[in-house]
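Below, each chain spelled out in residue letters.
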Amino acid sequence: MNKSKARVLIGTSFEEKSWRDVEVGDILRIQNKEALPADVVIISSSEPEGMCYIETSNLDGETNLKVKQALPETAKFLTPADLADLRGHMKTELPNDSLYTFEATLVSEGGKIGYRELPLDPTQVLLRGAILRNTDWIYAVAVFTGHETKLMRNATAAPIKRTSVEKTTNRQIIFLFLILILLAVMSALGSQIMTSRNRSQLSYLYLPDGEGAKTFVKNILTFIILYNNLIPISLIVTMEIVKFQQAQLINADMDMYDEGSDTAALARTSSLVEELGQVEYIFSDKTGTLTCNIMEFRQCSIGGVMYSDVVEASKRARIVDGEVVGQYDIAQLKDHIANSERGPMLFEFFQLLATCHTVIPERQESAEGGIEYQASSPDEGALVKGAALADFVFHTRKPRSIAVNIMGVDREYEVLNINEFNSTRKRMSALL
């Protein structure tokens, strides 16, 4: 990983360096879908107003994209010549392991910015391990490298996991080894006593005088070798062979085969069978940890009238005693928006679905409609996709505005503020 190449500004051009050679203060150019070699502060990007998107799955496990934005004062530096004109230094906090906090000040000492002090916050910081997405390129300055990066500060040695069978086997082998030592000492002591008492009758043996202690130690080692069969060395090998065969049974289990992705179960460790056998309780922090958590927009109720993506013949809408009973499909929904007296209510409903969110659109030809929505939660993405079914297509997000194509007409909404979800309000809201 440290031998990967990064583009570093030297003079007025970028040259490739290994990650391990990147130093604090270097100005880097990072391309789309590249990993960040260090903790950096973004200077500018190919997007308007210095905005960029990153994926932090290597840091916090979340695959949704996050928005970062350069300072307005530096977002205009778009060429290597502009970057070479930067003058100044940066005052930052000491290296720490907090992924979500950052305090620093950019001190400009002339150049296009002038003599100013610009405060920095986590919005401008991109951490090592993150991957640049949906952005052609960014320019950024390295602030922490190597073991001082937040990723490395959070890295800990993997704990050694032993199953109960291994622990029991280890204890028994240690117990047998102590018995072996005891037997060897007792046998050596008996040999020493017998030799000293019958020395006159053992003239045919070469027994030097005055080396009793040395001979005693040699006898202990000799008896350890003689009694070594007491330690079942082959037991460990046999256990590993059995566990390997049990892991192969897991790999061949058709009950754990997924036809949709053509994926079979894969036991990555031979001790998996023992570990699964010890599970008593499963604690899950949220829905989706143990399930696919795939959500789709299927139905909605607007003003007491049901609309569905697929309507069975027996459930089609009809008028009974002046009231609508049953469900309308999406095609009828579009007609009601344009021609029904409920049109304004329907329009407002889907307008809210298409605008009140934090979803980030990603252009992909393979995706339906050419847009893949990156959402912080599956339900938020499903609602935006549901609005797209009714021709309320959200397609562009900027730092202070969003653009929605409503039935063929592009509309731009100014985003005044996004109130993020919290446990007190139990909701998120957007002010447009």
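Thresholds, definitions, all that
- Residues numbered from 1 in each chain as written.
- Predicted model: local features only at pLDDT ≥ 70, side-chain atom pairs only at ≥ 80, totals over all residues.
- Heavy atoms only, no water.
- Pairing = 2+ DSSP bridges.
- Helix = DSSP H or I, 4+ residues; strand = E, 2+ residues; numbered from the N terminus.
- Buried < 20%, exposed > 50% of the residue type's maximum accessible area, 1.4 Å probe, protein only.
- Lys, Arg positive; Asp, Glu negative; His and termini not counted.
- Salt bridge = Lys/Arg side-chain N within 4 Å of Asp/Glu carboxyl O.
- Polar contact = N/O pair within 3.5 Å; in protein donor to acceptor, adjacent residues only side chain to side chain.
- Phe/Tyr/Trp six-rings, centres within 6.5 Å; stacked < 30°, edge-to-face > 60°.
- Patch = residues over 30% accessible without salt bridge, like charges linked within 9 Å, V, L, I, M, F, W, Y side chains within 5 Å.
- Areas by Shrake-Rupley, 256 points an atom, 1.4 Å probe, with all protein chains shown as cover.

1. Thoughts on the sheet that holds strand β13 (residues 299-302)
The strands making up a sheet are joined through hydrogen bonds of the backbone, oriented either antiparallel or parallel.
No. 1: Spatial ordering of the open sheet is given by β13-β14-β17, a layout of 3 strands whose pairing is mixed. In this open sheet, the two strands that pair with only one neighbour each are β13 and β17 (327-328).

2. Structural notes on the side chain of D39
No. 1: Counting through the fold element by element, D39 comes out in strand β4 (residues 39-45).
No. 2: Although D39 lies buried, it forms no salt bridge, and the closest oppositely charged side chain, K150, sits 5.8 Å away as judged by the N-O distance.
No. 3: A polar atom in the side chain of D39 sits 2.9 Å from the backbone nitrogen of K150.

3. So, the environment of T238
No. 1: With respect to the helices and strands, the residue T238 is situated in helix α6 (residues 233-251).
No. 2: T238 sits 190 residues away from M428 along the chain, and the two C-alpha atoms are 58 Å apart.

4. Notes on the sheet that holds strand β2 (residues 13-18)
No. 1: Reading across from one edge, β2-β1-β3-β12-β4-β10 is the order of the 6 strands in this open sheet, with antiparallel pairing throughout. Of all the strands in the sheet, the pair left with one neighbour each is β2 and β10 (125-126).
No. 2: As defined by bridge partners, β4 adjoins strand β12 (residues 137-144) across 6 bridges and the pair is classed as antiparallel. The partner of S44 across the bridge, within β12, is Y139.

5. Focus on the pattern of salt bridges
No. 1: If you walk through the whole model with that rule in mind, you get 11 salt bridges.
No. 2: The salt bridge involving R133 is made with E55; its shortest N-O contact spans 3.1 Å. With R133 in strand β11 (residues 131-133) and E55 in strand β5 (residues 51-55), this pair connects stretches of sequence that are 78 residues apart.
No. 3: Here D309 ties to R298 by a salt bridge, and the two come within 3.0 Å at their closest N and O atoms. Of the two residues, D309 is situated in the loop between β14 (305-308) and β15 (318-320) and R298 in the loop between α7 (272-277) and β13; the sequence distance between them amounts to 11 residues.
No. 4: Residue classification places D309 among the partly exposed residues on the basis of a relative accessible area of 29%.

6. Notes on the packing of aromatic side chains
No. 1: All chains considered together, the criterion is met by 8 aromatic pairs.
No. 2: Between F349 and F350, the aromatic rings sit 5.1 Å apart at their centres with planes inclined by 80°, giving edge-to-face as the arrangement.
No. 3: By the ring-pair criterion, three or more aromatic residues cluster together here, those being F347, F349, F350 and F392.

7. Section: a nonpolar patch on the surface
No. 1: Together, I174, F177, L178, I181 and V185 give the surface a local cluster of nonpolar side chains, amounting to about 420 Å² of exposed area.
No. 2: Its place among the elements puts F177 in helix α4 (residues 164-197).

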